[in-house]
Amino acid sequence: MRLGLIGYGTIAQTLLDTMQATGTRADALIVLVRAGTEARVPAGHPAADAVHVVTDAAGLLAHAPDLVVECAGHGAVSAHVPPLLEAGTDVVVVSVGALADAALHDRLTGAATRGGARLILPPGAVGGVDILAALGLGGDLAVTYRGTKPPRAWAGTPAEDVCDLGALTGPATIFTGTAREAATAYPKNANVAATLALAGAGFEATRVELVADPAAPGNLHAFEAVSPLGRVTVSIENTPSGNARTSMTTIYSVLRAIRTHAGPTVI
């Protein structure tokens, strides 16, 4: 497989290390980074036979990737993913919260339709997305989600205007609202809320509560879905990656998407 990466931050680097650890290898790795930062990407990596560094979507496409993984944030989704989809290249979007922007969501789905490509949204740090999507087909679905992370994971976010994160001695609710509002206000922390909304009841009908808890052992995700077809409750405790905002489960979820794309079986 010829694998493209948009971004070379913690998620991308951890993904490559995880690929190496699990014996997942790319024939070529094409990394898209901002102009002037090309030197950050090493000339080689054990998970790939060759490494190429580019600074825009056209450069990435010139190397004919079989699959591209976006892991650089909302701005990168808007700037680079539409032309890749339009050119017929499947893209895994890690920054799912970017799709809370309805206009961008329409751009991406339109580009994928015209290019005959797939916009792949991995479940990331949460489970149960398959049954949630199935319940959504039955209609009349209500979803509530609660995301809990240690205070340091909320640094640099609007949570700092709600409470003194460094002084917390117990859990503090820092946000309540819709999944669209959560994904917009907390772009690096609320991808799970966006994923659940897209899979199930939609952005406006998915209720979200975000919590900072100094006693949290990791990143905790819980949701309840209620429909005429049944009731589902999912609770997950994830180990953070090198970035406190991102769970290791997210990395492995992306790895699964890569392996599924290259393999003969989808499960």
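A few points on the structure. Remember, predicted model here, so these are calculated numbers, not experimental data. (Residues numbered from 1 in each chain as written. Predicted model: local features only at pLDDT ≥ 70, side-chain atom pairs only at ≥ 80, totals over all residues. Heavy atoms only, no water.)

### Structural notes on the pairing of strand β8 (residues 172–178)
In the case of a regular strand, side chains alternate between the two sheet surfaces. By the criterion of burial, β8 is predominantly enclosed, with 5 of the 7 residues buried. Examined bridge by bridge, β8 and strand β9 (residues 206–212) share 6 bridges and lie antiparallel to one another. When the sheet's bridge partners are listed, Thr-178 is paired in β9 with Arg-207. (Buried < 20%, exposed > 50% of the residue type's maximum accessible area, 1.4 Å probe, protein only. Helix = DSSP H or I, 4+ residues; strand = E, 2+ residues; numbered from the N terminus. Pairing = 2+ DSSP bridges.)

### Observations concerning the packing of aromatic side chains
Geometrically, a pair of aromatic rings is defined through the distance of the ring centres and the angle of the planes. For the structure shown, the criterion picks out 2 aromatic pairs. Between the aromatic rings of Trp-154 and Tyr-186, the centroid separation amounts to 5.6 Å while the plane-to-plane angle is 90°, which identifies the pairing as edge-to-face. Here Trp-154 is found in the loop between β7 (142–149) and α6 (159–162), whereas its partner Tyr-186 is found in the loop between α7 (179–185) and α8 (191–199), with 32 residues between them in sequence. The burial state of Trp-154 is the same as that of Tyr-186; both residues are buried. (Phe/Tyr/Trp six-rings, centres within 6.5 Å; stacked < 30°, edge-to-face > 60°.)

### So, the pattern of salt bridges
Considering all chains together, one arrives at 6 salt bridges under this definition. Residues Arg-180 and Glu-204 are paired through a salt bridge, measuring 2.5 Å at the closest nitrogen-oxygen approach. Of this pair, Arg-180 sits in helix α7 while Glu-204 sits in the loop between α8 and β9, and the two are 24 residues apart along the sequence. By relative accessible area, which is 47% here, Glu-204 ends up partly exposed. The partner of Glu-224 in a salt bridge is Arg-231, with the nearest N and O atoms 3.0 Å apart. (Salt bridge = Lys/Arg side-chain N within 4 Å of Asp/Glu carboxyl O.)

### Description of the layout of surface pockets
Think of a ball as big as a water molecule: rolled over the atoms, this probe shows where empty space is left. Of the voids in this model, the largest pocket is the one considered here, and its volume is about 870 Å³. Ile-11, Cys-71, Ala-72, Gly-73 and Ser-95 are, among the 43 residues lining the largest pocket, the residues nearest its centre. Within the residue set of the lining of the largest pocket, elements represented by two or more residues are α1 (10–21), α3 (74–86), α8 and β10 (219–227). Considering every element that reaches the lining of the largest pocket, the biggest residue donor is α3, with 5 residues. In the lining of the largest pocket, the residues fall into 17 nonpolar, 20 polar and 6 charged. Roughly 530 Å³ of internal volume is contained in the second largest pocket. Ile-120, Leu-121, Pro-122, Pro-123 and Arg-256 are, among the 20 residues lining the second largest pocket, the residues nearest its centre. It is helix α9 (residues 248–262) that contributes the most residues to the lining of the second largest pocket, 6 residues altogether. Considering only residue class, the lining of the second largest pocket consists of 11 nonpolar, 6 polar and 3 charged. (1 Å grid on protein atoms, 1.4 Å probe; cavity = no way out; pocket = protein on both sides within 12 Å on 5 of 7 lines; lining within 4 Å. Points joined across faces, edges and corners; volume = space filled by probe spheres on them. Nonpolar A, V, L, I, M, F, W, Y, C, P; charged D, E, K, R; others polar.)

### As for the sheet that holds β10
Strands sit in the order β8-β9-β7-β10-β11 across an open sheet of 5 strands; the sheet is mixed. One side of each edge strand has no neighbouring strand; the edge strands of this open sheet are β8 and β11 (230–238). Pairwise comparison of adjacent strand axes, ignoring direction, gives a mean angle of 10° for this sheet. Bridging between β10 and β11 involves 9 bridges; their strand directions are antiparallel. Along β11, the bridge assignment pairs Phe-223 with Val-234. Each of β7, β10 and β11 touches helix α5 (residues 129–137); the most contacted strand, β10, lies at about 25° to it. (Axes fitted to C-alpha atoms, helices over the stretch in contact; angles between N-to-C directions. Contact = heavy atoms within 4.5 Å.)

### Some thoughts on the packing of α3 against helix α4 (residues 102–115)
The geometry of a pair of packed helices is captured by two quantities: the angle between their axes and the separation between those axes. Running from N to C, α3 and α4 point in directions that differ by 20°, and their axes come no closer than 7 Å. It follows that α3 is roughly parallel to α4 by the angle criterion. Of α4, the residues touching α3 (which contributes Val-77, Ser-78, Val-81, Pro-82, Leu-85 and Glu-86) are Leu-104, Arg-107, Leu-108, Ala-111, Ala-112, Arg-114 and Gly-115. When grouped by side-chain class, the residues that make up the contact of α3 with α4 number 8 nonpolar, 2 polar and 3 charged. (Parallel < 35°, antiparallel > 145°, perpendicular 65-115°, else oblique.)

### With respect to the environment of Cys-71
By the element assignment, Cys-71 lies in the loop between β4 (67–70) and α3. Overall, the relative accessible area of 9% leaves Cys-71 in the buried class. As for Cys-71 and Ala-134, which are separated by 63 residues in sequence, their C-alpha atoms are 27 Å apart.

### What to know about the sheet that holds β4
The strands that make up a sheet are held in pairs by hydrogen bonds between backbone atoms, and each pair lies either parallel or antiparallel. Strand order in the open sheet formed by 6 strands is β3-β2-β1-β4-β5-β6, with parallel pairing between adjacent strands. At either margin of the open sheet sits one strand with a lone partner, and together these are β3 (51–54) and β6 (119–120). The pairing of strand β5 (residues 90–93) with β6 spans 2 bridges and is classified as parallel. Paired with Val-91 across the two strands is Leu-119, which belongs to β6. Helix-sheet contacts for α1 involve β1 (2–6), β2 (28–32) and β4, and the interaxial angle to β1 is about 155°.

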